[in-house]
Amino acid sequence: MWLLGLVIMVDQIDQNVLRGVASDLQKDLNLSDLQIGLLLSAFVLVNGLISVPAGYLADRFIRTRTVGHTVVAWSGITALTAAMPNFASLLAVRGALGFGQAITEPCCASLLADYYPAEQRGEAFSIQQVLTFVGIGLGVGIGGAAATAFGWRSAFIIVGLPSFLVAIFVYRLKEPKRGAADRASAGVVENNDDYVPQSLPLFEHGFRRFFSDMIDGLKGDMRTIWQITTMRYALVGVSTLLFTITAMAAALPQFYEKQLGVKSGAAEGILAALIIGAGVPGVMLGGRLADRFANKIKGARMAIPAYCLLVGNALFALSYIPDIPNGLVFLLEGLGLFVTVMAVPALRAGLSDAVPAHLRGAGFGAFNLFSVVFGQAAAS
C-alpha cells in the first residue's frame with residue numbers, strides 16, 4: 001500500500017514541478033500564460049491515447065513489473081526536461097511524460113484491490129491518495145525553491161532522481177492473484193504461497209494480431225464496464241473532482257502573486273502548505289468514512305463524494321470574493337480543499353467494488369482517461 005502510494009507520489013512530483021517553476025520558466029523563455037497552460041496539460045494527448053489500452057494490458061500482464069519499468073522510463077524523461085531549449089521541445093517532452101500515469105494508474109489501483117479486501121479498500125486508497133497530494137505539494141514546493149536558488153532547469157534533475165529508488169522496490173513486490181481479496185472477503189481460504197504469476201507473450205502471433213485482439217478485447221471490456229451504473233457515475237465524479245483540484249493547483253500561485261500581492265516563491269510555498277496541510281487529513285478522513293458507511297448506507301461511496309464536491313466548491317467560490325483579507329482567503333481555500341479531497345477514497349473504493357476483478361485494469365484505465373481529459377487537461 002505504501003509503496004504503491006510512493007509510485008503515485010513521485011509521479012505527481014515529476015508532473016507538478018512545472019507548476020513550481022512556471023513563473024521563472026515564463027520569464028526565461030518569454031512564454032505567454034496560454035503556453036504555460038499548454039505545458040501543464042501537454043501530457044493529456046499521450047495519457048488519453050494510452051490510458052485505456054494500458055488498463056487492458058494491466059488485466060493480462062504482471063503489474064508489478066510493468067509499474068517498475070514505467071517508473072524508470074518517466075524518471076529519465078523528467079530529468080531530460082532540464083535540457084530543453086525552447087517551448088516546442090518542452091511541449092514534446094512534457095507530453096511524453098503522459099504515458100507514466102496512464103500505465104501506473106490502472107496497474108496500481110488493480111493491485112491495491114487485490115491486496116486488500118472490500119472492507120479495507122477505503123483506507124488503502126486513502127493512503128495512496130495522501131501521497132498523491134504530498135507529491136503535488138512537494139512538486140510545487142521543490143520546483144519553486146529550486147528555481148529560486150539554482151534556476152528552473154535544476155528542479156527537473158532534482159526531482160527525477162528519487163524515482164529510480166522507488167522502482168527498485170516495486171520490482172520486489174509480490175504479484176497477487178486477481179480477485180484474491182474479494183474471495184477472502186467472501187470467506188474463501190486460499191494458499192497463495194506457491195503462486196507464480198504468468199504474463200502472456202506480448203507479440204506471440206505478431207504485432208498485427210496482437211493489436212487486433214487488443215481492440216476486440218477493449219470493445220468487450222468497455223461495453224461491460226459501461227453497463228455498470230456505479231462506473232458511469234464515478235466517471236462523472238472523478239472528472240469534476242480532478243477539474244477542481246487541478247485548476248486550483250494551476251491557477252492559485254498566479255492568483256496569489258497577481259491578485260493578493262504575494263511574492264514569487266512564497267506563493268508556491270503557500271499552495272504546497274495548503275495541499276499537504278489540508279489534503280492529507282482530508283483524504284485520510286475520507287477513507288475512514290468510505291469504509292465506515294460502506295455497509296451502513298446504501299450508495300455511501302457515491303453519496304460521500306457528491307456532498308464533498310458541493311461543499312468544497314462552495315468554499316472555494318467564497319474565497320474569490322474581492323477585497324477580503326488574505327488570511328481569510330487561505331482559510332477558506334484550506335477548508336475547501338479538505339472537504340473536496342474527502343471524495344477521493346470513496347470514489348476509488350466504490351469503483352473497485354463495482355468492477356469485476358478481471359476487468360479492474362480496464363476500469364481504472366477508463367477512470368484515468370476521464371479524469372485526465374475532462375478534469376486535469378481542461379482545468380489547466
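Thresholds, definitions, all that
- Residues numbered from 1 in each chain as written.
- Predicted model: local features only at pLDDT ≥ 70, side-chain atom pairs only at ≥ 80, totals over all residues.
- Heavy atoms only, no water.
- Helix = DSSP H or I, 4+ residues; strand = E, 2+ residues; numbered from the N terminus.
- Rg over C-alpha atoms; globule rule 2.2 N^0.38 Å.
- Buried < 20%, exposed > 50% of the residue type's maximum accessible area, 1.4 Å probe, protein only.
- Contact = heavy atoms within 4.5 Å.
- Phe/Tyr/Trp six-rings, centres within 6.5 Å; stacked < 30°, edge-to-face > 60°.
- Salt bridge = Lys/Arg side-chain N within 4 Å of Asp/Glu carboxyl O.
- Patch = residues over 30% accessible without salt bridge, like charges linked within 9 Å, V, L, I, M, F, W, Y side chains within 5 Å.
- Areas by Shrake-Rupley, 256 points an atom, 1.4 Å probe, with all protein chains shown as cover.
- Axes fitted to C-alpha atoms, helices over the stretch in contact; angles between N-to-C directions.
- Parallel < 35°, antiparallel > 145°, perpendicular 65-115°, else oblique.
- Left-handed = near helix turned anticlockwise from the far one by under 90°.
- Nonpolar A, V, L, I, M, F, W, Y, C, P; charged D, E, K, R; others polar.
- pLDDT = per-residue confidence, 0-100.
- Expected span 1.5 Å × (residues − 1).
- Bend = angle between axes of the 7 residues up to and from the residue.
- Polar contact = N/O pair within 3.5 Å; in protein donor to acceptor, adjacent residues only side chain to side chain.

### A look at the overall build of the protein
Tallying secondary structure elements over the protein gives 17 helices and 0 strands in all. Here the C-alpha radius of gyration of the protein, 20 Å, is about what a compact globule of 380 residues would show, namely 21 Å. Overall, the C-alpha framework of the protein stretches about 60 × 50 × 35 Å when taken along its three principal axes. Burial analysis of the protein (380 residues in total) assigns 54% to the buried set. Across the protein, the fraction of contacts at a sequence separation of at least 24, relative to all contacts at a separation of at least 6, is 82%.

### A closer look at the packing of aromatic side chains
Describing an aromatic ring pair means giving the distance of the ring centres and the angle of the ring planes. Enumeration according to the criterion identifies 4 aromatic pairs in this entry. For the ring pair Trp152 and Phe156, a centre distance of 6.1 Å and an interplane angle of 90° mean the geometry is edge-to-face. Taken together, the residues span about one helical turn, with Trp152 and Phe156 both in helix α8 (residues 152-160) at a distance of 4 residues. No difference in accessibility class separates Trp152 from Phe156, as the two residues are buried. Where Phe255 meets Tyr256, the ring centres are 6.1 Å apart and the plane angle is 50°; that geometry is what we call tilted.

### A look at the pattern of salt bridges
Here the structure, examined in full by the defined rule, presents 3 salt bridges. Across the salt bridge formed by Lys258 and Asp33, the nearest N and O atoms sit 3.5 Å from each other. With Lys258 in helix α12 (residues 229-259) and Asp33 in helix α2 (residues 33-41), the pair connects residues that are 225 residues apart, well separated along the chain. Residue classification places Lys258 among the exposed positions, given a relative accessible area of 51%.

### Quick look at a nonpolar patch on the surface
Together, Val72, Ile157, Leu161, Phe164 and Tyr171 line one region of the surface with nonpolar side chains, adding up to about 420 Å² of accessible area. Mapped onto the secondary structure, Tyr171 falls in helix α9 (residues 162-171). Since its relative accessible area comes to 37%, Tyr171 is described here as partly exposed.

### As for the packing of helix α1 (residues 2-29) against helix α4 (residues 63-80)
With their axes 11 Å apart at the nearest point, α1 and α4 run at an angle of 20° to one another. For the element pair α1 / α4, the angle class is roughly parallel. Handedness of the α1/α4 crossing: left-handed. Along the contact surface, α1 presents Val7, Val10, Asp11 and Asp14, while α4 presents Val67, Val71, Trp74, Ser75 and Thr78. Its residues placed into classes, the contact of α1 with α4 shows 5 nonpolar, 2 polar and 2 charged.

### Re the confidence of the model for the protein
Parts of the model with low pLDDT should not have their predicted coordinates read in detail. Scored by pLDDT, the protein comes out at a mean of 81, with 93% of its residues at no less than 70. The spread of mean pLDDT over the elements of the protein runs between helix α3 (residues 43-58), the lowest at 73, and helix α15 (residues 326-341), the highest at 92.

### Here's the deal with α12
The terminal C-alpha atoms of α12, which comprises 31 residues, lie 43 Å apart, in line with the 45 Å expected from a rise of 1.5 Å per residue. Largest kink in α12: about 40°, centred on Ala251, with the proline Pro253 one to four residues after it. Trailing α12 by a residue or two, Gly261 shows a phi angle of about 75°, which is positive.

### Digging into the side chain of Thr81
Within the element layout of this structure, Thr81 appears in the loop between α4 and α5 (87-96). The exposure class assigned to Thr81 is buried, which follows from its relative accessible area of 0%. Looking at Thr81, its side chain comes within polar contact range of the main-chain oxygen of Ile77, at 3.2 Å. Here the side chain of Thr81 touches Thr78 through a polar contact of 3.1 Å, landing on its backbone oxygen. For Thr81, the residues in contact, after removing those within four places along its chain, are Leu90, Val93, Arg94, Trp152 and Phe156.

### Quick word on helix α6 (residues 98-115)
Side chains three or four residues apart in an α-helix point the same way, a direct result of the helix having 3.6 residues per turn. Between its terminal C-alpha atoms α6 stretches 26 Å, which fits the 26 Å expected from 18 residues at 1.5 Å a residue. Burial analysis of α6 places 17 of its 18 residues in the buried class, the great majority of the element.

### A look at the environment of Ala278
With respect to the helices, strands and loops of the structure, Ala278 is situated in helix α13 (residues 266-292). Placed 61 residues apart in sequence, Ala278 and Val339 show a C-alpha to C-alpha distance of 8.5 Å. Beyond its immediate stretch of four places on either side in the chain, Ala278 contacts Ala273, Gly334, Leu337, Phe338 and Val341.

### Description of unusual backbone geometry
The phi torsion at Asn30 lies on the positive side, around 55°, for a residue other than glycine. Its place among the elements puts Asn30 in the loop between α1 and α2. For Asn30, a relative accessible area of 68% gives the class exposed. Located in the positive-phi region is Asp323, a residue other than glycine, with phi close to 70°.

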